[in-house]
Amino acid sequence: MPPEHLIPAHPDPATQALPYPLALGRAGLSGFPSPAQDYEGRTLDLNERLVKHPAATFFMTVTGDSMVNLGIHEDDLLLVDRSINPRPGHILVAMVDGEITVKRYELLGNQPHLCSGNPRYAPIPLRELDCQVWGVVRAVIHEYPV
């Protein structure tokens, strides 16, 4: 059960399948066999690797810089699991007074707060705010510019 001051979100968002590449190939044509041959034909399925509760999981893209010190950057893809009960230390996606936000759930002085990963943003006390938790961030996919 989520803590009483957090209201669970509804309805369930639509799930999104991620495509995955087929990693086939052979390195080198002569000499000793490549150690990479042991991995030929194996694929990486991010759904299989990261999604633990498919019916309760959704993906969303990050905007803003409030979580940069926690490794979450603008345009990162978040994997969010709605089936996890939020606990202090979890990074949450929540609707706070009508605005979607990504913050870390913390107890400061025994009071619930949503805290950013950027010192420019003050903690948000939840005591008298309308807060609806959409889910707990399970993974962050960060792409590097190439």
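Residues numbered from 1 in each chain as written. Predicted model: local features only at pLDDT ≥ 70, side-chain atom pairs only at ≥ 80, totals over all residues. Heavy atoms only, no water.

Novice: Outline the environment of Ser-66, supporting the account with residue identities and numerical values.
Specialist: By secondary structure assignment, the location of Ser-66 is in the loop between β2 (57-61) and β3 (77-81). The class of Ser-66 is buried, set by a relative accessible area of 15%. Once the C-alpha coordinates of Ser-66 and Thr-101 are considered, the two residues, 35 residues apart in sequence, prove to be 9.3 Å apart. Here Lys-103 takes part through its side chain, which lies 2.9 Å from a polar atom of the side chain of Ser-66. (Helix = DSSP H or I, 4+ residues; strand = E, 2+ residues; numbered from the N terminus. Buried < 20%, exposed > 50% of the residue type's maximum accessible area, 1.4 Å probe, protein only. Polar contact = N/O pair within 3.5 Å; in protein donor to acceptor, adjacent residues only side chain to side chain.)

Novice: So what's going on with the pattern of salt bridges? Residues and values would help.
Specialist: On inspection of all chains with the given rule, the structure shows 2 salt bridges. One salt bridge in this structure joins Arg-120 and Asp-65, with 3.3 Å as the shortest N-O distance. Placement of Arg-120 in the loop between β6 (111-115) and β7 (124-125) and of Asp-65 in the loop between β2 and β3 is noted, with a sequence separation of 55 residues between them. A salt bridge links Glu-106 to Arg-104; the shortest N-O distance between them is 2.8 Å. Of the residues examined, Arg-104 reaches a relative accessible area of 26% and is grouped as partly exposed. (Salt bridge = Lys/Arg side-chain N within 4 Å of Asp/Glu carboxyl O.)

Novice: Tell me about the layout of surface pockets, residues and numbers included.
Specialist: If you add up the space inside the largest pocket, you get close to 200 Å³. As for the largest pocket, its lining consists of 14 residues, of which Thr-63, Ser-66, Ile-100, Thr-101 and Val-102 are closest to the centre. Secondary structure elements with two or more residues in the lining of the largest pocket: β2 and β5 (99-108). Looking at the lining of the largest pocket, its residues break down into 6 nonpolar, 5 polar and 3 charged. (1 Å grid on protein atoms, 1.4 Å probe; cavity = no way out; pocket = protein on both sides within 12 Å on 5 of 7 lines; lining within 4 Å. Points joined across faces, edges and corners; volume = space filled by probe spheres on them. Nonpolar A, V, L, I, M, F, W, Y, C, P; charged D, E, K, R; others polar.)

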